[in-house]
6 protein chains.
Amino acid sequence: MSAAFSRPSGRAADQLRDVRIERGYTAHAEGSVLVCFGQTRVLCTASVENRVPAFLRGKGEGWITAEYGMLPRATHTRSDREASRGKQGGRTLEIQRLIGRSLRACVDRKALGERTITLDCDVLQADGGTRTAAITGAYVALVDAVQWLLDRGEIKPRAGRTPVIGAVAAVSVGIYKGVPVLDLDYAEDSDCDTDMNVVMNDGGGFIELQGTAEGHAFRRDELEALTSLAEAGIAQLVAHQRAALRLPV
Amino acid sequence: MSAAFSRPSGRAADQLRDVRIERGYTAHAEGSVLVCFGQTRVLCTASVENRVPAFLRGKGEGWITAEYGMLPRATHTRSDREASRGKQGGRTLEIQRLIGRSLRACVDRKALGERTITLDCDVLQADGGTRTAAITGAYVALVDAVQWLLDRGEIKPRAGRTPVIGAVAAVSVGIYKGVPVLDLDYAEDSDCDTDMNVVMNDGGGFIELQGTAEGHAFRRDELEALTSLAEAGIAQLVAHQRAALRLPV
Amino acid sequence: MSAAFSRPSGRAADQLRDVRIERGYTAHAEGSVLVCFGQTRVLCTASVENRVPAFLRGKGEGWITAEYGMLPRATHTRSDREASRGKQGGRTLEIQRLIGRSLRACVDRKALGERTITLDCDVLQADGGTRTAAITGAYVALVDAVQWLLDRGEIKPRAGRTPVIGAVAAVSVGIYKGVPVLDLDYAEDSDCDTDMNVVMNDGGGFIELQGTAEGHAFRRDELEALTSLAEAGIAQLVAHQRAALRLPV
Amino acid sequence: MSAAFSRPSGRAADQLRDVRIERGYTAHAEGSVLVCFGQTRVLCTASVENRVPAFLRGKGEGWITAEYGMLPRATHTRSDREASRGKQGGRTLEIQRLIGRSLRACVDRKALGERTITLDCDVLQADGGTRTAAITGAYVALVDAVQWLLDRGEIKPRAGRTPVIGAVAAVSVGIYKGVPVLDLDYAEDSDCDTDMNVVMNDGGGFIELQGTAEGHAFRRDELEALTSLAEAGIAQLVAHQRAALRLPV
Amino acid sequence: MSAAFSRPSGRAADQLRDVRIERGYTAHAEGSVLVCFGQTRVLCTASVENRVPAFLRGKGEGWITAEYGMLPRATHTRSDREASRGKQGGRTLEIQRLIGRSLRACVDRKALGERTITLDCDVLQADGGTRTAAITGAYVALVDAVQWLLDRGEIKPRAGRTPVIGAVAAVSVGIYKGVPVLDLDYAEDSDCDTDMNVVMNDGGGFIELQGTAEGHAFRRDELEALTSLAEAGIAQLVAHQRAALRLPV
Amino acid sequence: MSAAFSRPSGRAADQLRDVRIERGYTAHAEGSVLVCFGQTRVLCTASVENRVPAFLRGKGEGWITAEYGMLPRATHTRSDREASRGKQGGRTLEIQRLIGRSLRACVDRKALGERTITLDCDVLQADGGTRTAAITGAYVALVDAVQWLLDRGEIKPRAGRTPVIGAVAAVSVGIYKGVPVLDLDYAEDSDCDTDMNVVMNDGGGFIELQGTAEGHAFRRDELEALTSLAEAGIAQLVAHQRAALRLPV
């Protein structure tokens, strides 16, 4: 890293943006979290329903799914409302599939019974990293929704464990002006060479890894630097999650 | 009104819910307002674009339009995401047409030039009256967006007037347990005989009036009682708008 | 009203267009009515089906719903066929919701049993006031369909009353060149200041009231003048309905 | 043909239903015809527009196209409204393609200039043979629309001929209880072995021939009997068209 | 036929293109056939499913249906992918309805039990005649799928007959430069006066006949010449089918 | 790796399936390749069009895009046809976005001029790894299409280089029964713990990396083992591409 290197935000290369996780943001959902990674703000709600998709009926296990949306003016210029265009775009579908897979990785679906928990992640304001913020916040909403089920006695811990096993958080990393950096904001995201979204659990295992070379192809040593950055960042995000959930950090 | 009459919220029959109008709620839009009527919260953004719909091209005037959405878990139980279902429902289209017409009523579109201002009204939390809150908040976002155009010199006042002429606000009224009441919340809305949405300007003129008899048909004297209640309520809402805009109330 | 005032059609301000209600217009439907308000012609059919929407299943009550369509060349210039565009527009959905609500207001749905009556209102020729003509005609088709059920013994009167309670009719009123007028035709509709659709029952109660200020906002005294005009017009329309049904007027 | 053979309607095997062709049925279209083949009633309008589809732009020739629709309760039981289902079914698309091709066969498109004439064929009441009635009626609407263009001087005859060359009409034939019959009504159509739609011009040439074996495959001699029946029927339909157009029969 | 007449391909007027029918083209389907009519190549798969459409449930009989698609670059210039445009075009729907009807004509649906066999016909390369190749190839795939059911004992022959009764094949014929020709390729198809698709069974009966006059209307003697050509061509195609199925020709 | 470990196919852990790349598979496209990874067969065509998407108009550069489809019976059980369902699923959109990004990474778009090359990748038969086969085959089709442009003189090499810079190929890797393996087939794919798709260029740089933990989260050393396997596999695939293109390997 050259002496002259600086990020648009003035952050250090391995520095997250300010993270805020606010529970109980709206009233009706079983879990409702506003998560902010700097200027990126995503409202994540968890809704419990007593039904499962057709392919799971009668199997005695539950389902976790996610939907993602961006308010039309969450971005610098207004984008079309997907409901009005009549379909969700490829980017939206890709992101909501990623969120769903990531959160299913930390749930014991048998313990849920035939219930679906839907994580709705709606971006109120976008400044890069909306999908990683969404995963990080949705995890907290999911924990609250599962606790709501436990509190009402609808489900019971199995062998002393709740259906949520460990934690899941996500962060983006990338190569900006030749330097690996953590948690890209929009200014960096639109001007970087490689962009990678990393989802990990609190045991340091990888759940999803999606890297894209925007400019030049990235090398193996860059991949290693990026995953190291992500690992450190996710450890901090997990601490934020635990603090929000008032668990010992 | 019988002595025994009481509203679920304990409000007086002619009492609005707590109103909050917060400008600059998000960063990117030319106008961005969070409006709260009690537990109902709507994010209204105003976006300026240098184009008009095909039917106005070359006519030298602008356009004001609105879109309305409800986050899936803004409500007591989760409703399907319209983007995912592939179309906006009839209720959504009806509401966004109403918002658009209401705000066009206070704009000198010639003074705008060939620009479109889109008011996106997205309900973060619903407790009755989302469309009236949306109109009331969108007005403030619209004023901010027009001021943004004036500040940048893109448009100029005509004869000393800005393109926004007067103010527009809206409130619901209805007959709840036989009594005309102002600003129905969800508990009242789902159990009332008549429900009326009223849009007025600050000169006391009606812009839109949409009344529906849910139970028994309403009589002319009830219509008068309801419009009187609405008139008084809208005067207070206009004062809230002016306070939010730091105009003398 | 100034001496110089005249309507394009030469009608008096409080004069309906020629009204024609023709029963049995087509052969298959349980009720089939062609209703004409002057040059506006709408075919209204009532179809009985032995099923109800999902939200009513097992509740022992029926449902009344409406669909509205406009033939592509019902209008001065051809408009796109909605079936071909792949969706119904906002105006269409808004109108069919209005027709449905209006007719549900005069039906004892418990007495229907688990049946749906669908009112299809298709505009063959448009000259203003299609939605009010549709409601007025659909009422007659509905009465015929209910009579068809009674005649076949599928339903029975309850306490001596048929499931259709009273009558429902609709008319538009508006302020044209400063004068309140009844039953606007297209020439007036496209050049008026205020346009209001009024649905009432035969007891003089309001079922729906939808007023829109196209030009200047309307005042309370104008609202009163308009509702008075509508009241008188609807009384005449109810008489036309009764005549068509061969009931004593 | 056995002595015992009889058609549900009592018609002779080679007998058309009563044919009625009523011009000027609605007011706005350049051509507007109600065509009745017995209880089958189709409203055919011809709309002239000064544009052509993209593939014809700049080529100096016109286009003839058709759209077909069935009112939901034109049939014995109500069918879904295609606009509400969000797409036109395969049968609808097949029929409107057939109508369009059939009418293009009698038009000198160069003589039309860059104009489109759209034939909207909407079935008000169905009793079999809607597509053949539609073609027969749409031809008359087309002639009226072309005459409207000639009358206004927008187009001119070329070499003394109008852009409509000859006439086009259509009829169905089929094998009902072993006997070839002309112009099937619904009772026959739903119980026949072979069903064939034939479109011919007034010179006795075939324009379209679409035969389907519903039960047993049909033989060559049956094909000949059917086309002979169709030929005779179409000659009568052309006479009806000429009478409606007040041309010498 | 003038001495100077020649087809673009050099074929005789009554000559088929090279026909190839390759069974077992792909591995998963119960029947899978690549059929080639010269440069036209269509992959036809037959899929067996243990369910029937709603209208057949509980009736103890099966269903045969077809779907047709064209790979975007099967043609000279790329056409839009229908999945991407969001709907199947009219031509596609028309063809798949034709294929389905044609194959239902040779199946004893009672003998199938409540099963659906879907014939997917996907055009890998198009050079005219894709629908007739599809029918000819789909027949072979259908026979293989039915044999698969017989081999597994899921269905049994009735009175010694399998559920497939006889054979079905199809070919196009047309009038090219005034001469009736068999099996049009793309060069002929886009430049012919009359185009007719003929589906017949192996007993010489007609199942479908769809003729279209592209240029001048065709006369009765031309119709006879065309059907004679088709008859001879289909006899050869049936022989190709039998050879592919290793049946005595 | 335990002694008892074996892959369903009997392959070694680092062994590709048989790879076949067949150019000129269909006739019309500018590039047309059938690529087989064992039983997985994908037809990749490259189509050149003289237009670019709206966002690139007037910028003097070209565009590379991809579409992906699966024939309904490419799989073990039939899946719905996306054209018939009316939309492409999330998986399809995700894959075609991946293919498009991967191939754009090896093209000098300025050198293409305002042209679009569309890579259509249609799966004829699926046995795991369809997206990686598609990328590997589409590269060859792309090279052929660019050569077609060079051969016709429509574009010219810049500084002696063609617009295709280097090569791109892709392979899947995963952890099957605890062992990292190369190029998963369907049997492995549906029963593995981690699944990763890797796209690299011929210089050993990563273009895309998408890893998903299906069962337990994967560790950093597993990530390294997987990327090493992929690296070796892609080197072999690049050699196959060069052989197919008759370039020195």
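Since the structure is predicted, the reported quantities are computational estimates derived from the model, not experimental observations.

Novice: Got a minute to help me understand the interface of chain B and chain A in this structure?
Specialist: By a widely used convention, the size of an interface equals the accessible area lost when the partners come together. Each partner contributes to the interface: chain B provides 37 residues, whereas chain A provides 37 residues. Our count for the chain B to chain A interface comes out at 12 salt bridges. A:Asp120 is the salt-bridge partner of B:Arg81, the closest N and O atoms lying 2.7 Å from each other. For the pair chain B and chain A, the number of links is 23 residue pairs in polar contact (both at pLDDT 80 or more). If you list the elements that add at least two residues to the side of chain B that touches chain A, you get strand S3 (40–49), strand S4 (63–70), helix H1 (82–85) and strand S5 (116–125) of chain B. Element by element, the count of residues in the side of chain B that touches chain A is highest for S3(B), at seven residues. Tallied by class, residues from the side of chain B that touches chain A come to 14 nonpolar, 12 polar and 11 charged.

Novice: Can you help me understand unusual backbone geometry in this one?
Specialist: Peptide bonds are mostly trans, and most non-glycine residues show a negative phi. Its identity as a non-glycine residue notwithstanding, E:Ala159 has a phi of 50°, on the positive side. Mapped onto the elements, E:Ala159 comes out in the loop between helix H4 (130–151) and strand S6 (168–176). Positive phi, normally seen in glycine, also occurs at F:Arg246, with a value near 55°. Residue position: F:Arg246 is located in the segment after helix H6 (220–244). Relative accessible area serves as the criterion here: at 73%, F:Arg246 is assigned to the exposed category.

Novice: Would you mind going over helix H4 (residues 130–151) of chain C with me for this structure?
Specialist: In an α-helix there are 3.6 residues to a turn, and that puts residues three or four apart on one side. Residues and elements named next belong to chain C. The end-to-end C-alpha separation of H4 is 31 Å, in line with the 32 Å expected for 22 residues at 1.5 Å each. Along H4, 19 of the 22 residues are buried, which leaves the element largely enclosed by surrounding structure. Taken from the residues just after H4, Gly153 is the one with a positive phi, measuring 75°.

Novice: Help me understand the UniProt feature "domain: Exoribonuclease phosphorolytic" (unreviewed entry) in chain A, please; the structure alone is not making it clear to me.
Specialist: Residue and element names in this part refer to chain A. Mapped onto the present numbering, the UniProt feature "domain: Exoribonuclease phosphorolytic" (unreviewed entry) falls at residues 15–145 and 167–231. Regarding residues 15–145, the helix share stands at 30% and the strand share at 31%, and the terminal C-alpha atoms are separated by 31 Å. Helix makes up 25% of residues 167–231 and strand makes up 45%, while its end C-alpha atoms are separated by 14 Å.

Novice: Sorry if this is basic, but what is going on with the relation of the copies chain B and chain A here?
Specialist: Superposition of the two copies of the chain requires a rotation about an axis together with a shift along that axis. Rotating chain B by 180° about the axis while translating it 0.0 Å along that axis superimposes it on chain A, leaving an RMSD of 0.0 Å. Such a combination of turn and shift is consistent with a two-fold rotation axis. Residues of chain B ranked by C-alpha distance from the rotation axis are headed by B:Ala83, positioned 1.8 Å from it. Taken as a fraction of all interface residues of chain B, those also at the interface in chain A reach 100%, which identifies the copy contact as same-surface.

Novice: Sorry if this is basic, but what is going on with the sheet that holds strand S7 (residues 179–182) of chain E here?
Specialist: Sheet strands line up and pair through hydrogen bonds in the backbone, either parallel or antiparallel. Read across the sheet, eight strands follow the order S7(D)-S6(D)-S8(D)-S9(D)-S9(E)-S8(E)-S6(E)-S7(E) without closing on themselves; strand pairing throughout is antiparallel. The sheet is open, and its two edges are formed by strand S7 (179–182) of chain D together with S7 of chain E, each paired on a single side. The average undirected angle you get between the axes of adjacent strands in this sheet is 15°. With five bridges connecting them, strand S9 (residues 206–213) of chain D and strand S9 (residues 206–213) of chain E associate as antiparallel partners. Residue pairing for S9(E): D:Thr212 is matched across the bridge by E:Glu208.

Novice: So what exactly am I meant to see when it comes to the state of the cysteines here?
Specialist: Covalent bonding between the sulfur atoms of two cysteines is what defines a disulfide. Counted by the stated rule, this structure contains zero disulfides over all chains. Here C:Cys106 is not disulfide-linked; the sulfur of C:Cys121 is the nearest cysteine sulfur, at 13 Å. With no disulfide of its own, F:Cys121 lies 4.1 Å from the sulfur of F:Cys44, the closest cysteine sulfur.

Novice: Looking at this structure, I do not really get the pairing of strand S4 (residues 63–70) of chain D. What am I missing?
Specialist: Side-chain positions along a regular strand alternate between the two faces of the sheet. All names here are of chain D. Buried residues dominate S4, accounting for six of its eight residues. Across eight bridges, the pairing between S4 and strand S5 (residues 116–125) is parallel. Of the residues in S5, the one forming a bridge with Ile64 is Ile117.

Here is what the cut-offs are and how they apply
Residues numbered from 1 in each chain as written. Chains lettered and ligands numbered in written order. Predicted model: local features only at pLDDT ≥ 70, side-chain atom pairs only at ≥ 80, totals over all residues. Heavy atoms only, no water. Contact = heavy atoms within 4.5 Å. Salt bridge = Lys/Arg side-chain N within 4 Å of Asp/Glu carboxyl O. Polar contact = N/O pair within 3.5 Å; in protein donor to acceptor, adjacent residues only side chain to side chain. Helix = DSSP H or I, 4+ residues; strand = E, 2+ residues; numbered from the N terminus. Nonpolar A, V, L, I, M, F, W, Y, C, P; charged D, E, K, R; others polar. Buried < 20%, exposed > 50% of the residue type's maximum accessible area, 1.4 Å probe, protein only. Expected span 1.5 Å × (residues − 1). UniProt positions renumbered as here; feature names shortened; annotations may be inferred. Least-squares fit on C-alpha atoms with pLDDT ≥ 70 in both. Pairing = 2+ DSSP bridges. Axes fitted to C-alpha atoms, helices over the stretch in contact; angles between N-to-C directions. Disulfide = S-S within 2.5 Å.

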